[in-house]
Amino acid sequence: MIKILKMREKQMNLSVGVDIEQVARFRKKNKRLFQKIFSKKELKSMKSCNAQHLAGIFCAKEAVIKACNPMEKLQLRSIEIFSRKDGQPYAVIKSRLVKARNLRISISHSKDYAVAFAIVAIG
Ligand SMILES: CC(C)(COP(=O)(O)OP(=O)(O)OC[C@H]1O[C@@H](n2cnc3c(N)ncnc32)[C@H](O)[C@@H]1OP(=O)(O)O)[C@@H](O)C(=O)NCCC(=O)NCCS
């Protein structure tokens, strides 16, 4: 019995978020809108500013907001999405309650749509 309780204690609670967007929304380079969504650091680090990539990053931010919602209400600009050398995306967040190390994201896109998932481990 004690063993089962200890195993349960070790289990993490997960919260998930998902978002889907039309790539077309990101074809026109609307500077004011982009400044609202992306940080300077993000724009500088992007390997390309193509609409699919931008839509994927936007989706990832929205997915993180949804996944973190039970703990904290985050804003788009408090989440930054970057890519590792191998292309894998990761999130950096300004949050009191959610640590970036407990967050995982995944992005996919086609010609017309981008989609992203986020998972946060709580506790
Ligand atoms: C990384 C990989 C999974 C991306 O899949 P894809 O179908 O080409 O592209 P998707 O639209 O689904 O996903 C693209 C996004 O995946 C993410 N991504 C890229 N590399 C990644 C990696 N190593 N790990 C996790 N996510 C990755 C990025 O966010 C990327 O978006 P971006 O290009 O705008 O930055 C794929 O290129 C790959 O390496 N597959 C392994 C199998 C393989 O080698 N297949 C080819 C021969 S059959």
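Worth saying up front: this structure is predicted, and the values here are computed from it rather than measured.

Peer 1: I'd like a rundown of the overall build of the protein, residues and numbers included.
Peer 2: Along its length, the protein carries four helices and five strands. Seen in sequence order, the protein has helices and strands lined up from the N terminus as α-β-α-α-α-β-β-β-β. The buried share among the 123 residues of the protein stands at 37%. Placing the 27 positive and 9 negative side-chain charges of the protein at their respective mean positions leaves the two points 4 Å apart.

Peer 1: Go over the pattern of salt bridges with me, naming the residues and quoting the values.
Peer 2: Taken as a whole and assessed by the stated rule, the structure comprises four salt bridges. Note that lysine 111 and aspartate 112 form a salt bridge whose closest N and O atoms lie 3.5 Å from each other. Given the relative accessible area of 56%, lysine 111 is considered exposed. Its relative accessible area of 39% is what places aspartate 112 among the partly exposed residues.

Peer 1: Tell me about the packing of aromatic side chains, and please be specific about residues and values.
Peer 2: The final tally for this structure, using the stated rule, is three aromatic pairs. A centroid spacing of 5.6 Å and a plane angle of 85° characterise the contact between phenylalanine 34 and phenylalanine 38, whose relative ring orientation is edge-to-face. For the pair phenylalanine 34 and phenylalanine 38, one class covers both residues: buried.

Peer 1: An account of the sheet that holds strand S1 (residues 13-22) is requested, with residue identities and associated values reported.
Peer 2: The sheet built from three strands is open, its strands ordered S1-S5-S4 with antiparallel pairing. Each having just a single partner strand, S1 and strand S4 (103-109) make up the two edges of the open sheet. The sheet shows a mean angle of 10° between the axes of neighbouring strands, taken without regard to direction. Where S4 and strand S5 (residues 113-122) come together, seven bridges link them in antiparallel fashion. Bridge pairing in S5 links histidine 109 to alanine 114.

Peer 1: Describe helix H4 (residues 51-68), listing the residues and the values that go with them.
Peer 2: Across its 18 residues, H4 extends 26 Å between first and last C-alpha, which sits within 8% of the 26 Å expected from 1.5 Å per residue. Buried residues dominate H4, accounting for 15 of its 18 residues. Near the N-terminus of H4, the side chain that reaches the backbone nitrogen of glutamine 52, with its oxygen 3.0 Å away, is that of asparagine 50.

Peer 1: Can you lay out the site of the ligand for me, pointing to particular residues and giving the numbers?
Peer 2: Near the ligand, the surroundings consist of Lys47, His53, Asp86, Gly87, Gln88, Pro89, Ile107, Ser108 and His109. Residue glycine 87 places a main-chain N or O atom 3.3 Å away from a nitrogen atom belonging to the ligand. Between the ligand and serine 108, the relevant distance is 2.7 Å, taken from an oxygen atom to a side-chain nitrogen or oxygen of the residue. When the ligand is considered free in solution it has 920 Å² of accessible area, and contact with the protein chains removes 38% of it.

Procedures and definitions
Residues numbered from 1 in each chain as written. Predicted model: local features only at pLDDT ≥ 70, side-chain atom pairs only at ≥ 80, totals over all residues. Heavy atoms only, no water. Helix = DSSP H or I, 4+ residues; strand = E, 2+ residues; numbered from the N terminus. Buried < 20%, exposed > 50% of the residue type's maximum accessible area, 1.4 Å probe, protein only. Lys, Arg positive; Asp, Glu negative; His and termini not counted. Charge placed at Lys NZ, Arg CZ, Asp CG, Glu CD. Salt bridge = Lys/Arg side-chain N within 4 Å of Asp/Glu carboxyl O. Phe/Tyr/Trp six-rings, centres within 6.5 Å; stacked < 30°, edge-to-face > 60°. Pairing = 2+ DSSP bridges. Axes fitted to C-alpha atoms, helices over the stretch in contact; angles between N-to-C directions. Expected span 1.5 Å × (residues − 1). Polar contact = N/O pair within 3.5 Å; in protein donor to acceptor, adjacent residues only side chain to side chain. Near = heavy atom within 4 Å. Areas by Shrake-Rupley, 256 points an atom, 1.4 Å probe, with all protein chains shown as cover.

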